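Inside the fold
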Amino acid sequence: SKVMKNFKIIFSIFIIIVFTQCMRDEFDINNLDTDIEIRAGVLTPLAYGSLSFDNIISEFDSSSFISSDADGLLYITYSDSLFSFTANDLLEIPSQDFIQFFIESNFTIPSGWGVDSTVTIDSTKTFPFSFGKGEMLDSMILNQGNLVFDITSQFQIPAKIIITCPTIRKNGSPFISPPIDVGPNVTVNPTPSPLDGYTIYLIDSVTIDSTFKYLPVNFSVELTNNGAGVTAGEDIEINATLENLDFKAIFGYIGDYELVSEAGEIELGFFENTLDGYIRFENPILNLNIGNSYGVPAEINISRFTGFNANEDSIALDLTDNPFRYAYPEISDYINSDFYKEVTIPIDSTNSTIKDFLAFLPSRLEYNISAASNPANPTDLIDSANFVTDASEVNIDLEFILPLYFKADSFALEDTMDINFFEDADYIEKVSVLLEVSNGLPLDIDFQIYFLDSNYNHVDTLFSAYSIPIISSGQVDPATSLVTSPGVKTSLVEFTNERITNLEKVRYGIIRAGLKTPSDSNGDLISVKFFTDYLIDFNLSVSLDFKANL
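Presented here is a report on the structure given in the accompanying data block. (Residues numbered from 1 in each chain as written. Predicted model: local features only at pLDDT ≥ 70, side-chain atom pairs only at ≥ 80, totals over all residues. Heavy atoms only, no water.)

Another aspect to go through is the side chain of Asp333. Inspection of the secondary structure assignment puts Asp333 in helix H5 (residues 331-335). Note on Asp333: relative accessible area 15%, which makes it buried. At 2.8 Å, the side chain of Asp333 and the backbone nitrogen of Glu330 are in polar contact. Setting aside residues up to four positions removed in sequence, Asp333 forms contacts with Asp338, Phe339 and Lys341. (Helix = DSSP H or I, 4+ residues; strand = E, 2+ residues; numbered from the N terminus. Buried < 20%, exposed > 50% of the residue type's maximum accessible area, 1.4 Å probe, protein only. Polar contact = N/O pair within 3.5 Å; in protein donor to acceptor, adjacent residues only side chain to side chain. Contact = heavy atoms within 4.5 Å.)

Another point: the packing of aromatic side chains. Going through the model one piece at a time under the given rule, you end up with 11 aromatic pairs. With a centroid separation of 5.8 Å and an interplanar angle of 50 degrees, the aromatic rings of Phe305 and Phe357 are classed as tilted. Taken together, the residues Phe305 in strand S18 (residues 298-308) and Phe357 in helix H6 (residues 354-359) connect sequence positions 52 residues apart. The same class applies to Phe305 and to Phe357, which are both buried. Consider the rings of Tyr334 and Phe387, whose centres lie 5.2 Å apart with planes at 55 degrees: the pair is tilted. Residue Tyr334 is found in helix H5, and its partner Phe387 is found in strand S23 (residues 386-389); the two are separated by 53 residues along the sequence. Take Tyr334: its relative accessible area is 24%, and that puts it in the partly exposed class. (Phe/Tyr/Trp six-rings, centres within 6.5 Å; stacked < 30°, edge-to-face > 60°.)

Sheet architecture is open: 3 strands sit in the order S16-S25-S35, paired in antiparallel fashion. If you trace the sheet from one side to the other, it starts and ends with strand S16 (278-281) and strand S35 (528-529), each paired once. With 2 bridges connecting them, strand S25 (residues 405-409) and S35 associate as antiparallel partners. In the sheet register, Phe406 faces S35, and the bridge partner there is Val528. (Pairing = 2+ DSSP bridges.)

This part covers the sheet that holds strand S21 (residues 341-347). What the 5 strands build is an open sheet, ordered S2-S3-S24-S17-S21; its pairing is antiparallel. Edge positions in the open sheet fall to strand S2 (65-68) and S21, since each of these has one partner strand only. Each strand of the sheet is rotated relative to its neighbour by a mean of 25 degrees, with strand direction disregarded. Here strand S3 (residues 74-86) runs beside strand S24 (residues 393-403); their pairing, made up of 11 bridges, is antiparallel. Opposite Ile76, over in S24, you have Leu402 as the bridge partner. (Axes fitted to C-alpha atoms, helices over the stretch in contact; angles between N-to-C directions.)

Further remarks concern the pattern of salt bridges. Applying the stated criterion to the full structure yields 11 salt bridges. Through salt bridges that share partners, Glu265, Arg304, Glu312, Arg364 and Glu366 make up one connected network. (Salt bridge = Lys/Arg side-chain N within 4 Å of Asp/Glu carboxyl O.)

Before going further, it helps to examine the pairing of S23. Burial of the side chains of S23 extends over both faces: Asn386 and Val388 are buried on one face and Phe387 and Thr389 on the other. In this structure, strand S14 (residues 235-253) lies alongside S23, joined through 4 bridges in antiparallel fashion. Directly across from Phe251, in S23, lies its bridge partner Phe387.

Turning our attention to unusual backbone geometry. Peptide bonds are mostly trans, and most non-glycine residues show a negative phi. For the bond running from Asn322 to Pro323, omega is 0 degrees, close enough to zero to count as cis. Tracing the backbone through its elements, the reader meets Pro323 in the loop between strand S19 (314-316) and strand S20 (324-325). At Asn171, a residue that is not glycine, the phi angle is positive and equals roughly 55 degrees. Take Asn171: it is sitting in the loop between strand S7 (159-170) and strand S8 (173-176). Within the chain, Asn244 stands out as a residue other than glycine whose phi angle is a positive 55 degrees. Along the chain, the position of Asn244 falls in strand S14.

Have a look at this one:
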């Protein structure tokens, strides 16, 4: 009937606003019994159900994860990935230039003498393998690389050159270049020699400079006399370059790299919907979860961790242990192919001002975090067995863990929803709704809904300013922090036809819930715990008064 159809529309005011926000599983207006007998002026039971505190919190904050421990204590958890870097993003082996090495004759062969005879000149040169950040590498396994030569001969007779690198090895064998033929007064650029899969071993030298590692190279030049002869002082100039070096793994002292430098921001959904008031969590924890496969000692420095509230006021999180070290794999882990280390660094009330930080109600965090390798005195680490692979990475995730163990005063949660009320309700004189609530939570709850038009202008409220219900908390045992008996509240709301007509323009609603924990005998707020079995039970009844001419 039209009466029942419009009754269900009117009743939607209360169901949509009060309950569908928190009771999607427990109650569905589409399942209303249309055969309910409604008599004018008589309150008829219409709905009942229960809400747990995690139901309520999840409605105001869909970004968090709500869980419980073995005792049933509820937790709100936020997690976010701050950043992730791989070794290829941070480290590279620079090209090495071995410039203008001269193989020089110290003898003379007269023209026309000893035609077709051969003379061999052997030489060994040790080249510094330089980086730029204090590295002292012992070896590097290459995915790829090239050895490039540029050779010019001043000899008037042909020469054949073979270059051997005894410490660049693959499958146990050293790198040996193909024979390179160089004619008189000719510059040649032979095809680059690939070093894919080779391992470069570097050596120490106390006779040259102990602050470098070195690469030895052997040169063998065979001269074949064509009758032109040899003059003392003639030479062959060899320019060699190691280039396009891409490592699979490097070993030794890596140096003082800045492994990480990252700035960013994250949102905190729970505080995003808070208005004002006071809340102080007892045991909050901010975990930095670090996954690391760099085989390098490192430390993290948090140079900025600032929270901003809804008014864009800010507060800094002060840390007593900053910078701090984190776990890293060692060579034995590399050998066992198990070198991804995970560690959690807790930031709590013992090493930070996190309680004050969260009491500020930050809804947005801005951070600046950096990590540097080998932070100790480098001279103490020259012989350190650092290693980095091409798959080495560092991942840092942030995790807020907020046990629902807190004290609060006028702490307000707020959420906005769409509302579209009526088609036509001219024949309804009055709607009366009775809400009976049994509060099994250890906090007082006040509740209000603000009705807004399409331009977000205020239209009406669910309760008048003088009748906002305060649902008293359950009785709390101070010794156990457990609720022993619920608080009970009955609220009657009446909408007359004039108010109902005015609500036709409503398009939005703001639901606001204020929370306050109990006080002790001195009037001081006490901290209370929230468990999974804590419930708010409700009963809802409704009556209609119709116009006389209906």
